[in-house]
Amino acid sequence: MLKKLVNSFAFRVFTPFLVFVSLVVIVLYLFTSYSISDSANHQIKENLNWLSRSVLYICDTNVDKLFQTGNATNEKLVRLEKVSTMVAIEDFVRANNVGVIVFDNNLQEVIVKTELPRATLATIETSLLTDASIAVIDKLTDYIVHSQLFQPWQWRIILLKPKAQALRTMEQPVYRYAFSIALITIVIITGLMFYFLSYKVRNPINRIIGAIKKGNQPSYRGVSEFEFLSDSIAGMMHSLTEKTHLLESTNQEIEKAKAQLSDAIESMSEGFVLFDEQDQLILCNQHFRNFYSLTLLPDQASFQDILRIMYREGVVSVDVPLETWIKSIMLTRDKVGRAHLIELNQDRFIEFREYATSDGGVVGIHTDITDRKMAEQRLQYLASYDLLTNLPNRVMFQHELKKNINRAERFEGIVALFFIDLDKFKDVNDTLGHMVGDELLKKVADILLNSIRGFDIAARLGGDEFAVISSGLRSEVEVENMAQRMNDLLNCTVDCQGHTIHIGASIGVTLFPYDGNDCDQLLKNADMAMYEAKNLGRNQYRMYNDEMNRRVQERNALEKDMRRALMADEFLVYYQPKIDLNTSHVVGMEALVRWQHSNRGLITPNKFIPIAEQSNLITDIGEWVLEEACRQCQEWSEVNELGKLQVAVNLSASQFKYGDITGTADRVLQKLTMEPGCLEVEITETMVMNDADAVSQALHHFARRGVSISIDDFGTGYSSLAYLWRFPVNKVKIDRSFIKDLLHNNEAQAIVRSVISLAHSLNLVVIAEGVETKKQLEFLQKLKCDQAQGYFFSPPLPAASFVEWVKEYQEKQAHKGLYRKIGR
Ligand SMILES: Nc1nc2c(ncn2[C@@H]2O[C@@H]3COP(=O)(O)O[C@H]4[C@@H](O)[C@H](n5cnc6c(=O)[nH]c(N)nc65)O[C@@H]4COP(=O)(O)O[C@H]3[C@H]2O)c(=O)[nH]1
């Protein structure tokens, strides 16, 4: 309660006021009191002085009386007069309420004295006895003293008035009352003001405070100042409330944004880290910690500190001193988002980019690119290596060849390039399947690796083609020795998935700088040399020479010339008749292409068809022949001079692979409205064996259309009729090599006999080609061969000559028939 009072506004305002006013009053009072007592003192002294003069007057009067009586010498009278004087003095001073003490002339005897306190009296006596009379006055501090000497009788008259008494009588009580009243008035006024203030000030303030405490806006009405205060506070509260709401909603938004930011940062798949302008850590997400296994991350750690922790914890291992490594990373750091790589242990890669923040700090985005890096490495490996054999592929091979050439150029060395192609690999693939083929390629790769020296490079260029680059060989002899060694090692028998396979390889060798200066040239040379080795019977090596190049150049020129010839209509079709051996009638003809070259004259197909087959030009030539042969056949059939004929057209493997032979045939037959049965397609048995799927589809298409199918060169391709039976074949053409040996070779006879009998059992027509003699013909007739063609009847003829020949032949046959009829 007291504390409350002391702390109150009114108390604090009025207490100093009250104290101040009281002090002023007291000072005034004291000052006034002093002035009053001083004047009272003075007045009393004056009074004593007057009294003293009166006493002297009394004495004088008595002395005068004495002198008037003339008895001034009469001791008795004098004494009497003295006594009466003394009595008069005594009465007088008592009447004036003043103490008196009168000493005789030598201060030995007190002549008069009024009642005085004993102590006072003693003081006076001892002072007067021992001291001068003046000193008495100083010693009687409680008194106002007046000392006077009465000369006639040498009396020392001392008048005394106690100060307290004198002042009491002299002071005017009105002052004291006034002061008291003033003080009381002040206290009362102060009290009233206190009350007023307490009530009139505190009350509204309390109401205002009460409203504020309750959270309401104060709405005091009464005293205008408090109204103003209340309104001001209300306005202030309103504005504060609004600001608080704004602040709250801003805070909420900030908190929400912070939470969202935190969620976003945590949900990032990247590591996020933020450093201030001093490069001290502000925050980072869990991914960042996880990337670098940062379980303990001190506050305000710098990027360098983090690198040190990573090093200490074994997250990275570097082969340079730690500080050098840190320095190298710090030097590459920038704030422009460039990518930097940190390689961690266990083949992990982190890429980081840093960006400047507006306050001079750094934001780091760290991405685990291990998978990407692995994929890149894998891609790089795939781009450079052959997956099956793990040997460098063609791309890597070319890169290495270039490197070796550059090195050899600098050191004036030689580089040997070996181009290796497996012999008859396709047969293995086709007959034993791709799995076995793959296994075989792996074994070949192993053999090659064993045949080369440590710094040589073996590569797989594709399919069954391999290459070896060898630097450091000093002479051609050394190169040939190496080629022979490879050839020997590759000429072996290997076991692949239970199959024993004999392999061999054809190897072409070329040398830098003698045969060529660049990769392409060397590769081309080695390829040519390899083909040479193949053409020469396989399983051998050949060193490149310029003659090979000349032949290739020739071949290229021929190919170019063929294209021109096709445009210039230089190709012709010759026809060779086919004879039915039962009726001796011409049943059809084989269409055989010729090239009527503008400069070189007539060129036979053996000279250009193989080259056309290599360049795929055969598809264009073959389509042209098909169309031309059909056109000619249809023309003859429409004229009807030669009877019903079937034209046979040779097809190449490329036409099945790359051309649209069935489409072309359909289109031609439709265009000419030719009977499909008048067309026969001749394919070799190796074509059927090598590309069984594509050929099979086309053959079934032809069969459905009614086009006849004949197997050419039968017997040379090691196929069996049983195998061919799966295809819709109509005719088998026995190769002329068997017919040639037919009369002298039992084996050839046996083969021809069995082919004829088996073909018949399969309802196939048998035709023998290359029949040159009558004996061959008769033998074939004996074996029940159905048809024949060959020089015995006619060589292939131009269309016009063919018509002449057929007419002539038919006439001959008609004559023969007639002779037989008439019995000649
Ligand atoms: N020694 C001998 N040979 C005979 C006899 N009878 C016919 N010949 C020759 O044997 C070849 C028969 O053609 P092929 O076996 O299909 O062999 C043909 C055929 O494979 C191919 N050929 C010809 N024209 C074409 C064609 O238009 N397209 C395709 N893809 N190849 C063709 O060229 C090869 C050679 O054709 P040509 O030089 O016309 O040679 C023809 C023909 O002149 C004979 O009694 N004795």
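Keep in mind that this is a model prediction, so the values were computed, not measured.

Concerning the confidence of the model for the protein
Per-residue confidence for the protein gives a mean pLDDT of 86, with 92% of residues at or over 70. We note a pTM of 0.50 for the whole complex and an ipTM of 0.93 for its interfaces.

Quick notes on the environment of threonine 295
Along the polypeptide, threonine 295 turns up in the loop between α9 (286–291) and α10 (303–312). In sequence terms threonine 295 and glutamate 313 are 18 residues apart; their C-alpha atoms lie 9.9 Å from each other.

A closer look at the site of the ligand
In the vicinity of the ligand lie 20 residues, with Gln576, Arg594, Arg736, Glu772 and Tyr791 positioned nearest. Glutamine 576 is positioned such that a nitrogen or oxygen atom in its side chain is 2.8 Å from a nitrogen atom of the ligand. Arginine 594 is positioned with one of its side-chain polar atoms (N or O) 2.8 Å from an oxygen atom of the ligand. Out of a free accessible area of 780 Å², the ligand has 86% covered by protein chains. Taken together, the elements giving at least two residues each to the shell around the ligand come down to β18 (586–597), α19 (605–614) and β22 (708–714). Broken down by element, the shell around the ligand gets its largest block of residues, four residues, from β18. Tallied by class, the residues present in the shell around the ligand amount to seven nonpolar, six polar and seven charged.

Topic: the layout of surface pockets
By volume, the second largest pocket is sized at about 910 Å³. If you go around the second largest pocket, you meet 34 residues; those closest to its centre are Glu590, Leu592, Pro605, Asn606 and Asn650. Here the lining of the second largest pocket is built from residues that sort into 14 nonpolar, 11 polar and nine charged.

Considerations on the sheet that holds strand β6 (residues 281–284)
As summarised here, the arrangement of the five strands in space is β6-β5-β9-β8-β7, forming an open sheet in which the pairing is antiparallel. Each edge of the open sheet carries a strand with a single partner, namely β6 and β7 (340–344). With direction set aside, neighbouring strand axes in the sheet form an average angle of 25°. The sheet contact formed by strand β8 (residues 348–356) and strand β9 (residues 362–368) spans seven bridges and is antiparallel. If you follow arginine 353 over to β9, its bridge partner there is isoleucine 365.

Considering the UniProt feature "coiled-coil region" (unreviewed entry) in the protein
Those residues carrying the UniProt feature "coiled-coil region" (unreviewed entry) are residues 240–267 in this numbering. In residues 240–267, the share of helix is 100% and the share of strand is 0%. The end C-alpha atoms are 39 Å apart.

Things to note about the pattern of salt bridges
Applying the stated criterion across every chain, the model contains 41 salt bridges. Between lysine 534 and aspartate 423 there is a salt bridge; the shortest N-O distance is 2.8 Å. Placement of lysine 534 in helix α17 (residues 519–535) and of aspartate 423 in the loop between β10 (415–422) and α14 (425–432) is noted, with a sequence separation of 111 residues between them. Judged by relative accessible area, which is 11%, aspartate 423 ranks as buried. Here the salt bridges share partners, and the residues they tie into one network are Lys578, Glu590, Glu680, Glu682, Lys731, Lys733, Arg736 and Glu769.

Overview of the pairing of strand β11 (residues 457–462)
β11 sits mainly inside the fold: five of its six residues count as buried. Where β11 meets strand β12 (residues 465–471), five bridges bridge the pair, whose relative direction is antiparallel. From the neighbouring strand, alanine 459 faces β12, where its bridge partner is alanine 467.

Considering the side chain of aspartate 276
Structurally, aspartate 276 is set in the loop between β5 (271–275) and β6. Buried and unpaired, aspartate 276 has lysine 335 as its nearest opposite-charge partner, separated by 9.2 Å. Here the side chain of aspartate 276 touches glutamine 278 through a polar contact of 2.8 Å, landing on its backbone nitrogen. A polar side-chain atom of aspartate 276 sits 2.8 Å from the main-chain amide nitrogen of glutamine 280. Not counting the four nearest positions on each side in its chain, aspartate 276 is found in contact with Ile282, Gly360, Gly361 and Val362.

Describing the sheet that holds strand β4 (residues 155–162)
Within the open sheet, the four strands sit side by side as β2-β1-β4-β3. Their pairing is antiparallel. At either margin of the open sheet sits one strand with a lone partner, and together these are β2 (110–113) and β3 (143–150). Each strand of the sheet is rotated relative to its neighbour by a mean of 15°, with strand direction disregarded. In this sheet, β4 lies alongside β3 in antiparallel orientation, the contact comprising eight bridges. If you follow glutamine 148 over to β4, its bridge partner there is isoleucine 157.

How each quantity is defined
Residues numbered from 1 in each chain as written. Predicted model: local features only at pLDDT ≥ 70, side-chain atom pairs only at ≥ 80, totals over all residues. Heavy atoms only, no water. pLDDT = per-residue confidence, 0-100. Helix = DSSP H or I, 4+ residues; strand = E, 2+ residues; numbered from the N terminus. Near = heavy atom within 4 Å. Polar contact = N/O pair within 3.5 Å; in protein donor to acceptor, adjacent residues only side chain to side chain. Areas by Shrake-Rupley, 256 points an atom, 1.4 Å probe, with all protein chains shown as cover. Nonpolar A, V, L, I, M, F, W, Y, C, P; charged D, E, K, R; others polar. 1 Å grid on protein atoms, 1.4 Å probe; cavity = no way out; pocket = protein on both sides within 12 Å on 5 of 7 lines; lining within 4 Å. Points joined across faces, edges and corners; volume = space filled by probe spheres on them. Pairing = 2+ DSSP bridges. Axes fitted to C-alpha atoms, helices over the stretch in contact; angles between N-to-C directions. UniProt positions renumbered as here; feature names shortened; annotations may be inferred. Salt bridge = Lys/Arg side-chain N within 4 Å of Asp/Glu carboxyl O. Buried < 20%, exposed > 50% of the residue type's maximum accessible area, 1.4 Å probe, protein only. Lys, Arg positive; Asp, Glu negative; His and termini not counted. Contact = heavy atoms within 4.5 Å.

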